[in-house]
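# Survey of secondary and tertiary structure
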Amino acid sequence: MLQETPRLQETPRQILSEQGLDLLFREARTHNRWLPRPVTEAQLRSLYALSRMPPTGNNISPQRIVFVVSAEAKERLRRGLKPGNVDKTMAAPVTAVLGIDSRFFDHLELLAPHAVDRRAAYLADPELATRAAFRNATLQGAYLLMAARALGLDCGPMSGFLHDVVDEEFFPGGAVKSNFLINIGYGDPSGVKPRAARFDFDETCRIL
């Protein structure tokens with residue numbers, strides 16, 4: 001007589017609370033005004049430690065970050081900002097300058113020992129390397145924003161700046177190029193604009 005195979009008990013999957021979903025998505029907003037409350041180095045280190053954990057392709061992790069905090073560094077950044085972004089960026093406790101390392105494949109032995117042979121492919125096809133770097137660094141920028149929200153910080157991402165000026169100031173040498181900026185701190189709710197429309201599921205999605 002065949003014995004019945006015992007069923008494995010499924011461990012219930014944890015999901016975020018409604019409050020957590022509000023914090024990350026539904027109530028989170030882009031901030032343009034900032035409260036005079038500093039963000040500490042310990043907070044920035046915790047932010048990075050959290051944001052580095054989600055996936056990138058083959059773990060290549062091409063994002064590089066300069067956290068602009070000091071008055072001197074802010075003045076260097078000011079040179080590269082477009083006029084509409086100057087005041088809010090100067091007022092933000094921190095601006096994360098997010099860069100893309102075009103030589104990400106030099107670190108495959110550490111980050112992706114299973115994929116070290118990909119280095120030759122990236123060297124042979126610069127366009128392939130550029131696409132991989134841009135795609136994965138941009139993913140990492142989104143992870144950084146969500147990690148900041150999870151840690152109780154507000155964000156104001158933006159792309160209104162002169163890339164060549166910012167690269168000269170913060171990424172000398174040419175291997176790293178700027179992607180976008182995120183102002184980080186404690187937002188002043190009075191500066192939040194009404195939420196714009198979002199597409200409904202059926203407008204942008206298909207299930208096949």
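See the structure printed just above.
Residues numbered from 1 in each chain as written. Predicted model: local features only at pLDDT ≥ 70, side-chain atom pairs only at ≥ 80, totals over all residues. Heavy atoms only, no water.

### Brief notes about the packing of aromatic side chains
Test applied: In this analysis, rings of Phe, Tyr and Trp, with Trp reduced to its six-membered ring, are considered paired at centre separations within 6.5 Å, and the interplanar angle assigns stacked below 30 degrees, edge-to-face beyond 60, and tilted for intermediate values. Here's how the labels work: a residue is buried when its accessible area is under 20% of the maximum for its type, exposed when over 50%, partly exposed in between, all with a 1.4 Å probe on protein chains only. Numbering of helices and strands runs from the N terminus; a helix is a DSSP stretch of H or I covering at least four residues, while a strand is a stretch of E covering at least two. Comment: the charge-over-ring label is applied if NZ (Lys) or CZ (Arg) is within 6 Å of the ring centre and within 35 degrees of the ring normal.
Per the stated rule, a full pass over the model turns up three aromatic pairs. Relative to F105, the ring of F104 lies with its centre 5.3 Å away and its plane at 70°, an arrangement referred to as edge-to-face. The same class applies to F104 as to F105, namely buried. Taken together, a centroid distance of 4.9 Å and an interplanar angle of 70° make the contact between F104 and Y122 edge-to-face. Pair noted here: F104 is in the loop between β2 (94–101) and α5 (108–111) and Y122 is in helix α6 (residues 118–124), with a separation of 18 residues, a long-range link. No difference in accessibility class separates F104 from Y122, as the two residues are buried. Among the aromatic residues, those joined into a ring-pair cluster are F104, F105 and Y122. In this structure, R37 packs its charged tip against the face of Y186, placed 3.8 Å from the ring centre. Above the ring of Y122, the side-chain terminus of R118 is found at 5.1 Å from the ring centroid.

### Here's the deal with the sheet that holds β2
Two strands in a sheet stick together by hydrogen bonds in their backbones, pointing the same way (parallel) or opposite ways (antiparallel). Note the cut-off: The pairing criterion is simple: DSSP has to find at least two bridges between the two strands. Axis definition: a line fitted to C-alpha atoms, limited for helices to the stretch in contact. Angles are taken between N-to-C directions and run from 0 to 180 degrees.
What the four strands build is an open sheet, ordered β1-β2-β4-β3; its pairing is antiparallel. Two strands in the sheet have a free side with no partner beyond their single neighbour: β1 (63–68) and β3 (154–158). Between one strand axis and the next, the sheet turns by 25° as a mean value, whatever way the strands run. In terms of strand pairing, β1 meets β2 through six bridges, oriented antiparallel. Bridge pairing in β2 places V68 opposite T95.

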